[in-house]
Each structure stands twice: as C-alpha cells, then as structure tokens.
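Coordinate analysis (summary)
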Amino acid sequence: MTRILITAVVGGALSWALGQLLLPMLHALKAGASILEIGPSWHKSKNGTPIMGGLMFILASTVCLLGNLPAMTDYSVFFVLALALCFGLIGFLDDFTKVKFHRNLGLTTLQKAMLQMAVSALFLYAMYRSGFMDTHLYIPFVNVSFRLHPIVYIFFAMFVMVGTDNAVNLTDGVDGLCASVTLPVMVFFTAASAAMGKYVLALLPAALTGGLVAYLFYNWHPAKVFMGDTGSLFLGGVVCAMAFALEMPLILILVGFIWLLTSGQNYKLTKNAQSKRRLLQTANYLAGRFNIAGNYIRAWDCEDGNNFFPCLAIIDSTMNLPLLLWASKTTGDPRFSHIAKAHADTVLKYFIDKDGAVRHICKFDAETGAFSEALGGQGFSPESAWSRGAAW
C-alpha cells in the first residue's frame with residue numbers, strides 16, 4: 001500500500017514537472033486547438049490553446065511503472081498500459097492531423113473505430129492467452145459471476161471498450177471536465193485493485209491519480225493546455241482496460257455513466273453522427289435485454305445452481321428510459337417507447353412500497369415473468385428505502 005501511495009505522489013510530481021517543459025514546446029510548435037464553428041461563441045476564445053497536454057500524465061505514469069518494475073510480481077499492468085498507449089497513439093495521430101491542417105477534424109470516424117477495434121482485439125487476446133483474464137463476467141455488489149463463450153465475450157468486450165474510449169474522448173473540451181471526471185474513477189480502480197489483492201494493477205491508476213491532479217493545475221479554467229485526443233483516448237483506454245483486467249466490466253455502468261451522458265449531450269449540441277449512432281446502438285442493446293413475459297429490462301443475470309437466468313431488474317435502469325423514448329422518436333420505431341412504458345409500469349408495481357420507499361433490486365421468474373422477491377443489494381435489507389432509486 002505504501003508503494004501505491006508513493007507512486008501516486010511521484011506521478012503527480014513528474015506530471016507537473018513535465019508540464020513545465022511541455023507547454024513551452026507546444027507553444028513553439030504552434031500545436032493549438034481549432035475550435036468547431038458550431039460551438040458556442042464564448043468557446044471560440046479557446047482557439048489556439050495548445051493540445052496534446054495529455055503527454056504529461058502519459059509519460060509520468062509510464063515512468064512510474066518502469067520505476068516499480070523490480071518490485072512487480074507479475075506484468076499484467078503492462079497489458080493495460082500497452083492498450084492505453086495504443087489508444088493514445090490513435091489520439092496523437094488525430095491531434096497531429098488537426099494541428100498540421102489547422103482544422104478541428106482529424107482522423108475519420110471509421111479510421112478511429114477500425115484502429116480501436118483492432119487494438120482492443122489484440123489486448124483481449126493477449127490478456128486471455130497470458131492467463132491474466134478469463135471470460136467470466138462478474139456482477140458487482142451481488143457477488144455473482146458467469147462464464148461467456150470466448151467469441152461472445154470478445155465481441156461484447158470490443159463493443160464496450162471502443163464505446164467507453166470514445167465516450168471519455170467526448171468529455172474533453174471544457175476546462176477541467178475530462179480530468180476531473182476521470183480522477184475519481186482512477187481513485188476507484190486503485191482502491192478496487194488493492195482490495196482484490198492485485199497491487200501491481202493498482203500502480204497505473206495510482207500514478208494517474210497524481211498525474212491528473214497535477215494536470216488540472218494547467219487545465220483548470222482558464223485552461224493553459226488541453227489534453228487533446230492523445231490524453232483523452234489514453235485515459236479511456238486505461239478505464240476500459242482496468243475494468244476488464246479486474247474482470248468486472250459491468251462496473252463501467254456505475255463509474256462511467258457521465259461519459260454516456262456526454263455522448264447524448266454531444267449529439268444534442270452538435271448533431272454529431274457518431275454520437276447519434278452510439279446512442280441508437282445503446283438503445284438497441286437495452287431493448288435486447290427486455291423480458292417480454294415480465295415487462296422489465298434485465299440488469300444482470302442470476303445464478304441457480306449451474307444455470308443462469310436473466311431474472312434481475314434494478315431501479316437504476318429507470319434512468320435509461322428517456323434514451324428509449326428518444327430512440328423511438330428519432331427512428332419512428334414504437335418498440336423502444338413500448339419497452340420504456342412497460343418497464344416503468346413494472347417499476348411502479350413492484351419497486352415502490354406502499355409507504356413510498358423504493359427497492360434496489362427485484363427478482364423475477366425469467367420464464368413466466370412472475371415477481372419472485374426483493375433483494376437488498378447495496379441496501380441494509382430488502383425492506384430498506386433506496387434513496388437514489390427514488391431520485392430516478
């Protein structure tokens with residue numbers, strides 16, 4: 001634990017020092033941002049602000065890992081770092097294109113997606129073949145896991161990784177936003193890795209915790225530098241790789257929901273085709289988890305002996321209903337709105353007690369759709385009031 005704390009402090013100090021060297025270089029190279037014309041007028045004042053500032057925490061975290069090399073018991077963290085560096089390289093190519101041609105658009109959406117999918121596939125294959133990851137899908141908080149077929153798992157993982165990386169990327173653009181949103185996620189992955197006894201994996205998010213704190217000194221309003229796609233795609237790579245290295249990718253629903261919201265806001269403000277496509281893909285994924293017999297969107301699967309059944313619903317899924325209604329309005333497909341309304345009716349019927357208290361998790365019979373029982377989940381007991389659920 002002491003080594004993890006020292007790594008965080010050193011990561012911050014190195015990142016700050018590298019920033020002192022990097023900013024003059026970026027100014028000399030005229031590596032400034034070109035702001036979209038469709039953005040708000042006040043945002044145009046940021047035109048020319050140096051990008052590629054993410055290099056400071058990328059280099060700092062890499063040096064921290066190399067410095068810890070003699071004390072490492074395994075090298076799983078370098079798979080995470082390799083994926084993040086490859087994503088960061090894609091971002092660097094994007095930033096370089098923007099700077100060279102003095103425009104906001106770098107690589108095309110297809111070019112980015114193809115490169116990200118190729119890198120994700122290589123990462124998953126390397127982790128699986130090296131024994132650092134299997135195809136078990138762990139469900140947080142209910143202590144349940146189940147095994148997916150390797151091919152199914154790889155396609156699922158690629159979809160999640162590419163989507164997460166781009167969602168983190170979209171968060172960058174407003175002073176301090178991407179770094180401040182990602183900072184607590186790095187703290188979480190550091191703590192989770194240590195709690196699971198994976199102290200080597202904890203070193204990278206620990207270094208980035210310090211690195212992002214130092215970066216915010218340069219990026220806080222008014223920003224002296226932006227991390228650029230170089231930094232944001234690197235951070236997205238760390239987030240998704242850590243989730244899979246710890247074998248709990250579903251935790252991204254909780255720790256990364258702000259990035260999904262960002263995709264929605266990006267489409268509303270800019271009509272970005274990539275964001276629209278990502279939102280519709282998410283709506284289709286949600287629709288695919290709808291249990292027709294029980295009229296609910298399943299959150300997780302549950303275990304009964306050696307069999308697994310899609311029988312759990314969670315109150316938090318209520319926050320996804322506006323997305324389904326939007327998809328129905330956008331595509332003209334009433335299927336999405338029917339699912340949203342049916343799930344809402346189920347929530348009203350089974351999740352809300354007579355006294356107004358809201359339950360966290362409800363279990364149903366996957367075959368008949370009949371209500372089975374309420375589960376405590378993160379609450380004290382099944383009868384506990386779930387305040388966050390009341391907010392949804």
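Residues numbered from 1 in each chain as written. Predicted model: local features only at pLDDT ≥ 70, side-chain atom pairs only at ≥ 80, totals over all residues. Heavy atoms only, no water.

**Details of the overall build of the chain**
Quick reminder of the rule: Helix numbers and strand numbers start at the N terminus; a helix is a DSSP run of H or I with at least 4 residues, a strand a run of E with at least 2. Note on classification: 1.4 Å probe, protein chains only; a residue is buried when its accessible area is under 20% of the maximum for its type, exposed when over 50%, partly exposed between these limits. Residues are treated as being in contact if the distance between any of their heavy atoms lies within 4.5 Å. Each accessible area is a Shrake-Rupley estimate made with a 1.4 Å probe; only the visible protein chains count as cover when residues are assessed.
Per the secondary structure count, the chain includes 14 helices and 8 strands. Expressed as a percentage of its 392 residues, the buried residues of the chain come to 52%. Contacts spanning at least 24 positions in sequence make up 68% of the contacts within the chain whose residues lie at least 6 apart. Accessible area of the chain: about 18400 Å², with a carbon and sulfur share of 65%.

**Overview of unusual backbone geometry**
Even without glycine at this site, asparagine 295 takes up a positive phi of about 55°. The residue asparagine 295 is located in the loop between strand 3 (290-291) and strand 4 (296-297) in this model.

**Some words on the packing of aromatic side chains**
Where we set the bar: Centres within 6.5 Å are what make two rings of Phe, Tyr or Trp a pair, Trp counting through its six-membered ring; a difference in plane orientation under 30 degrees is then read as stacked, over 60 as edge-to-face, and the rest as tilted.
This structure, assessed with the given rule, holds 12 aromatic pairs. Note on phenylalanine 57 and phenylalanine 234: the rings are 6.4 Å apart at their centroids and 45° apart in plane angle, and the pair reads as tilted. Taken as a pair, phenylalanine 57 in helix 2 (residues 55-68) and phenylalanine 234 in helix 8 (residues 228-245) lie far apart in primary sequence, 177 residues in all. The same class applies to phenylalanine 57 as to phenylalanine 234, namely buried. Each ring, one from tyrosine 153 and one from phenylalanine 244, has its centre 6.0 Å from the other, and the planes form 90°; the classification is edge-to-face. Here tyrosine 153, found in helix 5 (residues 150-171), pairs with phenylalanine 244, found in helix 8; they are 91 residues apart in sequence, far enough to count as distant.

**What about the pattern of salt bridges?**
Using the following cut-off: Each salt bridge in this description consists of a side-chain nitrogen of Lys or Arg and a carboxyl oxygen of Asp or Glu lying within 4 Å of one another.
For the structure shown, the criterion picks out 3 salt bridges. Lysine 112 serves as the salt-bridge partner of aspartate 94, at 3.4 Å between the closest nitrogen and oxygen. Taken together, the residues aspartate 94 in helix 3 (residues 76-101) and lysine 112 in helix 4 (residues 109-129) connect sequence positions 18 residues apart. Note on lysine 112: relative accessible area 10%, which makes it buried. Each of the salt bridges in this network shares a partner with another, and the network as a whole consists of Asp94, Lys112 and Asp229.

**Regarding the confidence of the model for the chain**
Applicable threshold: Per-residue confidence from the predictor is given as pLDDT, running between 0 and 100.
Predicted confidence across the chain gives a mean pLDDT of 80, with 78% of residues reaching 70 or more. Note on residues 34-44: pLDDT under 50 across the span, and 15 contacts to partners over four residues away in sequence or across chains.

**Examining helix 4**
The periodicity of an α-helix, 3.6 residues per turn, causes residues three or four places apart in sequence to face the same way. As a reminder, the rule being used: By this rule, a helix spans an expected 1.5 Å times one less than how many residues it contains. It is the directions from the helix axis to the C-beta atoms whose arc is reported.
Over its 21 residues, helix 4 runs 30 Å from end to end, which matches the ideal 30 Å to within 8%, given 1.5 Å per residue. Considered for burial, the residues of helix 4 that qualify are Lys112, Gln116, Val119, Ser120, Phe123, Leu124 and Met127. The buried side chains of helix 4 occupy one side of the element, clustering within an arc of 135° when seen end-on. In helix 4, the exposed residues that point more than 90 degrees away from the buried face are Leu110, Leu122, Tyr125 and Arg129. The first or second residue beyond helix 4 is glycine 131, which carries a positive phi of 85°.

**Concerning the packing of helix 7 (residues 199-219) against helix 8**
To characterise two packed helices, one gives the angle between the axes of the helices and the distance between these axes. Our working definition: What counts as an axis is a line fitted to C-alpha atoms, over the stretch in contact for a helix, and the angles between N-to-C directions run from 0 to 180 degrees. Any angle that falls under 35 degrees is termed roughly parallel, while one over 145 is termed roughly antiparallel, one within 65 to 115 roughly perpendicular, and all others oblique. Each helix crossing is assigned a hand: it is left-handed if the near helix lies turned anticlockwise from the far helix by less than a right angle, otherwise right-handed if that turn is clockwise. Amino acids are sorted into nonpolar (Ala, Val, Leu, Ile, Met, Phe, Trp, Tyr, Cys and Pro), charged (Asp, Glu, Lys and Arg) and polar (every other residue, Gly among them).
Their axes nearest at 11 Å, the elements helix 7 and helix 8 cross at an angle of 150°. Considering their axes alone, helix 7 and helix 8 lie roughly antiparallel with respect to each other. Considering only the axes of helix 7 and helix 8, their crossing is left-handed. Packed against helix 7, whose contacting residues are Leu201, Leu204, Pro205, Leu208 and Leu212, the element helix 8 presents Phe234, Leu235, Val238, Met242 and Ala245 at the interface. Partitioning the contact of helix 7 with helix 8 into residue classes produces 10 nonpolar, no polar and no charged.

**Concerning the side chain of threonine 346**
In this fold, threonine 346 is placed in helix 13 (residues 334-351). On the accessibility criterion, threonine 346 (6% relative accessible area) is buried. In this structure, threonine 346 is in contact with Gly294, Asn295, Tyr296, Phe351 and Phe364, ignoring residues within four places of it in sequence.

**Re the nonpolar core**
What counts is decided by this rule: By nonpolar core is meant a set of buried Ala, Val, Leu, Ile, Met, Phe, Trp, Tyr and Cys residues that side-chain atoms within 4.5 Å join together.
One finds Phe57, Phe189, Phe234, Leu235 and Phe244 to be the most contacted residues of the largest nonpolar core, which totals 74 residues. Contributions of two or more residues to this core are made by helix 1 (2-28), helix 2, helix 3, helix 4, helix 5, helix 6 (177-195), helix 7 and helix 8. Residue contacts for phenylalanine 244: discarding those within four places in its chain leaves Phe123, Leu124, Met133, Tyr153, Phe156, Ala157, Val160, Met161 and Pro249.

**Observations concerning the pairing of strand 7 (residues 361-364)**
As a reminder of what qualifies: In this description, strands pair whenever DSSP reports at least two bridges between them.
As judged from the 4 bridges shared by strand 7 and strand 8 (residues 371-375), these two strands associate in the antiparallel manner. Within the sheet, the bridge partner assigned to lysine 363 lies in strand 8 and is glutamate 373. Here strand 7 folds back onto strand 8 in antiparallel fashion, the turn holding 6 residues, of which glycine 369 has a positive phi close to 85°.

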